[in-house]
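A structural walkthrough
Okay, here's what each chain looks like letter by letter:
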Amino acid sequence: MATSSFPTAGEHEDTARDPSRRSLLQLLTAGGAALAAPGLWSSLAAAQTPGGTLTIGADADPIGLDPVTVNAFSSYDFTSLLYSGLLRWNAQMKVEPDLATGYDQPDPKTYVFKLRQGVKFHNGKDFGAADVKHTFDRIMNPATGSRLRALYSSVESVTVVDPFTVKFQLNATDAAFLSNLATNPNGAIVPAGVEGINTQPVGTGPFAFEAYQPNQQFSLTRFADYYEKGEPPLAKVVFKFYKDQATLTSALRSRAIDMTWVKDPKVAAAIARTSPNFVSAPGQTSRTFPIWLNMKAKPLNDVKVRRALSLATDRKACLDTVLGGSGKIGAMIPESQVGGYDGAGEMPYYKHDPAAAKALLAEAGYPSGIDLGDYIVVAANPLDVACAQILQQQWQAAGITVKLVPMETAPLLNKWATGDWPTLLSVALSWTPDSDAIFQYVKSDSGFGKAMGSNDPELDKMILEARAELDTAKRAAKNLEIQKRIADNAYVIQIYQYPLRWEIWWNYVQGYVPLAANIRSFVRTTWLKK
């Protein structure tokens, strides 16, 4: 039997992260303080002026606040402050305890978690094992429609052993299990018997919901009964919403907001140069820009048409033009993941070859070219729209015509999840705790896989085998083969990978650490030194 007071990256190799990330985070930490026990942050914060309001500039409203059903990355900042999970990522991107104090592992497929006592939900309800079971029962219920069901497909049952002990029984060895539990919102626990949390959230996190005015601001207040004493130091956090980058950066310069993040690396560099009092922190290369193909019917059920689309794509030109080279050519999982693609090797059908694309189209029965109809992209992300415009021109040169349709995020996500789009759609992927989470988007029996018409039993088998592999090197090799199969069949057209956000804040914001996960969990340790 294995026993752990808490899981670490050393004990579970797939949770390990690049050492350079840890050193960067340490350098960015106020005073270069060691990043160890949570109580250290409490003592540091107590030494500073408590209270105050931190104002954060946000580029998108949340789309739902129930962590079990949420699909939009724009909601994750809020769920990370409202909810807690059994485990969490610390500043060095190692897994540490949160609502669990430790676990026993009597065999590779069984985890028995001991839960923290004395924890309360924002409504005053006591936290216990029944809430953990309720959360995962909701996830695993097909009627819930949770995207997390695919991530936790290895979970066979969740059993309440006693009020503060819960057992997870898996049906297979799962290298991603603990990483998923540590990730918000994937592992966030919701209260049993409480309805309406999608709009009136109730969690155990450091901040409680106060008010939300769509397109204006979202307010949270310090949760007095949060279990970590002395945290959070802040009295209040206010997110103000800005619909364009110009007004967002103007608000930062005028100190109408204390911190923000931007998507464009060129803009981030320009802002950082305007004042020596700005702290600038680029994120990890974790965002991928894919084109999702609806393969349920003609013409994209024909692999020749899909391969032609891939050959007609000049990925490097997109990278250089849109990002100024601040990124790498992308495959299904980025280099920051176990076995991620670093752009160094050649993937099948990645070479830009318009002539070969035309030849494949002719073989597929389209000698005069093909009109693929609408290509739907996220209107709110100018980088995505700019890339889509370049792709439209590139494809036209190979005889492939598309009509760009920029769309608001909420209806676009609904189309993606249900398969209700004609041929092409781009939804970029943010950081995920494990490569397996990304592969679920193309697995035949997942919700998103079904929506796009995935049907490759061999690929499904490869994904399951990689998930069960605990040896990091062997798993990396399996992941590479999975990505090659995806590229060879052109199930998804990947363009490039790059940091999701560049964070910028005024230097009077103390105790904050940016995470590779691109969520602001460490607002719970932040104070203002004015």
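Residues numbered from 1 in each chain as written. Predicted model: local features only at pLDDT ≥ 70, side-chain atom pairs only at ≥ 80, totals over all residues. Heavy atoms only, no water.

Structural notes on the domain arrangement of the protein chain
We note that the domain assignment places domain 1 (85–182) and domain 2 (287–498) within the protein chain. For domain 1 versus domain 2, the separation of C-alpha centres amounts to 32 Å. On the domain 2 side, the residues contacting the 13 residues of domain 1 number 13 residues. Summed over both sides, the interface between domain 1 and domain 2 buries roughly 1,000 Å², with carbon and sulfur atoms accounting for 65% of that surface. One can count 0 salt bridges joining domain 1 with domain 2. At the surface where domain 1 touches domain 2, the tally comes to 3 residue pairs in polar contact (both at pLDDT 80 or more). Listing elements by their share of the side of domain 1 that touches domain 2, those giving two or more residues are α5 (148–151) and α6 (177–181). (Domains from an automatic or database assignment. Contact = heavy atoms within 4.5 Å. Buried area = accessible area lost by both parts, 1.4 Å probe. Salt bridge = Lys/Arg side-chain N within 4 Å of Asp/Glu carboxyl O. Polar contact = N/O pair within 3.5 Å; in protein donor to acceptor, adjacent residues only side chain to side chain. Helix = DSSP H or I, 4+ residues; strand = E, 2+ residues; numbered from the N terminus.)

Notes on the side chain of serine 310
As for its placement among the helices and strands, serine 310 is situated in helix α9 (residues 303–311). Leave out the neighbours within four places in its chain, and serine 310 touches Arg315, Tyr349, Tyr350 and Ile493.

So, the pairing of strand β12 (residues 259–262)
Side chains Met259 and Trp261 project from β12 onto one buried face, and the interleaved Thr260 and Val262 project onto a second face that is buried too. Pairing between β12 and strand β20 (residues 502–506): 4 bridges, direction antiparallel. In the strand pairing of β20, tryptophan 261 is matched with glutamate 503. (Buried < 20%, exposed > 50% of the residue type's maximum accessible area, 1.4 Å probe, protein only. Pairing = 2+ DSSP bridges.)

Focus on the nonpolar core
If you look at the biggest cluster of nonpolar residues, it comprises 157 residues, and the most contacted ones within it are Phe113, Phe168 and Trp292. Each of two domains, domain 1 (85–182) and domain 2 (287–498), supplies a minimum of three residues to this core. Apart from residues no more than four positions distant in its own chain, phenylalanine 113 is found in contact with Leu86, Leu87, Ala100, Gly102, Tyr103, Phe164, Thr165, Val166, Phe168, Phe177, Leu178 and Leu181. (Core = buried A, V, L, I, M, F, W, Y, C linked by side-chain atoms within 4.5 Å.)

As for the side chain of serine 286
Among the structural elements, serine 286 can be located in strand β14 (residues 285–293). Engagement of the side chain of serine 286 in a polar contact is seen with the side chain of asparagine 518, the distance being 3.4 Å. Apart from residues lying up to four places away in sequence, serine 286 is in contact with Pro334, Ser336, Leu429, Ser430, Trp431, Tyr498, Pro499, Leu500, Ala516 and Asn518.

Focus on unusual backbone geometry
At the junction of glutamate 231 and proline 232, the peptide bond is cis and its omega measures out at -10 degrees in the coordinates. Looking at the secondary structure, you find proline 232 in the loop between β10 (217–222) and β11 (236–241). That bond from lysine 298 to proline 299 is cis: its omega, 0 degrees, falls within 30 degrees of zero. With respect to the element layout, proline 299 can be found in the loop between β14 and α9. Positive phi, normally seen in glycine, also occurs at methionine 93, with a value near 60 degrees. Even without being a glycine, asparagine 518 presents a positive backbone phi close to 60 degrees. Summarising the element assignment, asparagine 518 is placed in the loop between β21 (509–510) and β22 (527–528).

Re the UniProt feature "coiled-coil region" (unreviewed entry) in the protein chain
UniProt records the feature "coiled-coil region" (unreviewed entry) at residues 463–490, using the numbering of this structure. Structurally, residues 463–490 comprises 86% helix and 0% strand, and the distance from its first C-alpha atom to its last is 17 Å. (UniProt positions renumbered as here; feature names shortened; annotations may be inferred.)

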